[in-house]
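So the chains spell out like this:
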Amino acid sequence: TLLPYIKRSGIRKVMMISSTSVYGKNTGIVSGETIPLPETPNAVALLKAEKLLSDEQAFKSTIVRFGGLTGKERHPVKYLSGKKGLTDGDTPVNLIHLNDCIGIITTILNKVAWGYTFNAVWPSHPPKRAYYREKAEEYGLEPPTFLAGGEDDKIITDGLVSTYLDYKYTTRP
């Protein structure tokens, strides 16, 4: 919907904030070179919008795929607190803190890094059950309990964020 307006506006650089959800069904180590396999309608729509912007010749675009967002008042453990028998306890987390989202966006702008797709996730990927137990204690909440196992062993790597941008993460999610 916005593409014709962007083209007419004369804007020459566009940054799209996307999501690692576009990787959907992928498992194992997932990098920026991994072909996305979106599963949800939202992820399909995000990938379509990414492609439209990336293919456009009227301007340069950069795509930033953020992992699950945490922040001062926003943390998924608040919704999971006290829940029992949650599945996929061994599945790794792929999260990022709002402070690092802002830091990465600022670094892209400062380095004039256009024409790239960046995955942006904290570089550590503990299993859900360990991570959420620790975070529940940190927030003074009842920890959720997870069952062992997990079919989604996806670990999303940040690749270009650490190497090309030379960004150093500051806030553990």
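Keep in mind the model is a prediction, meaning the values are calculated, not measured.

What counts and how
Residues numbered from 1 in each chain as written. Predicted model: local features only at pLDDT ≥ 70, side-chain atom pairs only at ≥ 80, totals over all residues. Heavy atoms only, no water. Pairing = 2+ DSSP bridges. Helix = DSSP H or I, 4+ residues; strand = E, 2+ residues; numbered from the N terminus. Axes fitted to C-alpha atoms, helices over the stretch in contact; angles between N-to-C directions. Expected span 1.5 Å × (residues − 1). Buried < 20%, exposed > 50% of the residue type's maximum accessible area, 1.4 Å probe, protein only. Arc of directions from axis to C-beta. Contact = heavy atoms within 4.5 Å. Core = buried A, V, L, I, M, F, W, Y, C linked by side-chain atoms within 4.5 Å. Salt bridge = Lys/Arg side-chain N within 4 Å of Asp/Glu carboxyl O.

Novice: What is the right way to look at the sheet that holds strand β3 (residues 60-66) in this model?
Specialist: Pairing is parallel across the open sheet formed by 3 strands, whose spatial order is β1-β3-β6. Every other strand in the sheet has two partners, leaving β1 (13-19) and β6 (117-120) as the edge strands with one partner each. The mean inter-strand angle of the sheet, taken between neighbouring strand axes irrespective of direction, is 20 degrees. Note that β1 and β3 share 7 bridges and pair parallel. Looking across to β3, one finds that Lys 13 is bridged to Lys 60.

Novice: Sorry if this is basic, but what is going on with helix α2 (residues 41-55) here?
Specialist: Along an α-helix, a turn takes 3.6 residues, which lines up residues three or four apart on a common side. Along its 15 residues, α2 runs 21 Å from first to last C-alpha, staying within 8% of the 21 Å computed at 1.5 Å per residue. Listed as buried for α2 are Ala 43, Glu 50 and Leu 53. Projection of α2 onto a plane perpendicular to its axis shows the buried side chains occupying an angular sector of 90 degrees, all on one side. Among the exposed residues of α2, those oriented more than 90 degrees off its buried face are Pro 41, Lys 48 and Lys 51. Buried residues in α2 make contact with α1 (3-9), β1 and β3.

Novice: Is there a simple way to explain the nonpolar core in this structure?
Specialist: Membership of the largest hydrophobic core comes to 14 residues, with the highest contact counts inside it found for Ile 96, Ile 104, Ile 108, Ala 120, Val 161, Leu 165 and Tyr 169. Of all the secondary-structure elements, those providing two or more residues to this core are β3, α4 (98-111) and β6. Per-element tally for this core: the top contributor is α4, with 3 residues. Setting aside residues up to four positions removed in sequence, Ala 120 forms contacts with Val 64, Arg 65, Phe 66, Gly 67, Ile 96, Ile 104, Val 161 and Tyr 169. Counting 9 residues, the second largest nonpolar core, distinct from the first, contains Val 77, Val 93, Leu 95 and Phe 146.

Novice: Mind showing me how you'd approach the pattern of salt bridges here?
Specialist: Between side chains of opposite charge, pairing is possible as soon as their charged atoms come close. For the coordinates displayed, the defined rule picks out 9 salt bridges. A salt bridge links Lys 84 to Glu 142; the shortest N-O distance between them is 2.8 Å. Residue Lys 84 is found in the loop between α3 (77-80) and β5 (95-97), and its partner Glu 142 is found in the loop between α5 (128-139) and β7 (155-156); the two are separated by 58 residues along the sequence. What makes Lys 84 exposed here is its relative accessible area of 55%. With relative accessibility at 45%, the residue Glu 142 sits in the partly exposed group.

Novice: Would you mind showing me how to read the environment of Lys 25 here?
Specialist: As for its placement among the helices and strands, Lys 25 is situated in the loop between β1 and β2 (29-30). Sequence separation between Lys 25 and Lys 72 is 47 residues; the distance between their C-alpha atoms is 30 Å. Once residues within four sequence positions are removed from consideration, Lys 25 is found in contact with Leu 37 and Glu 39.

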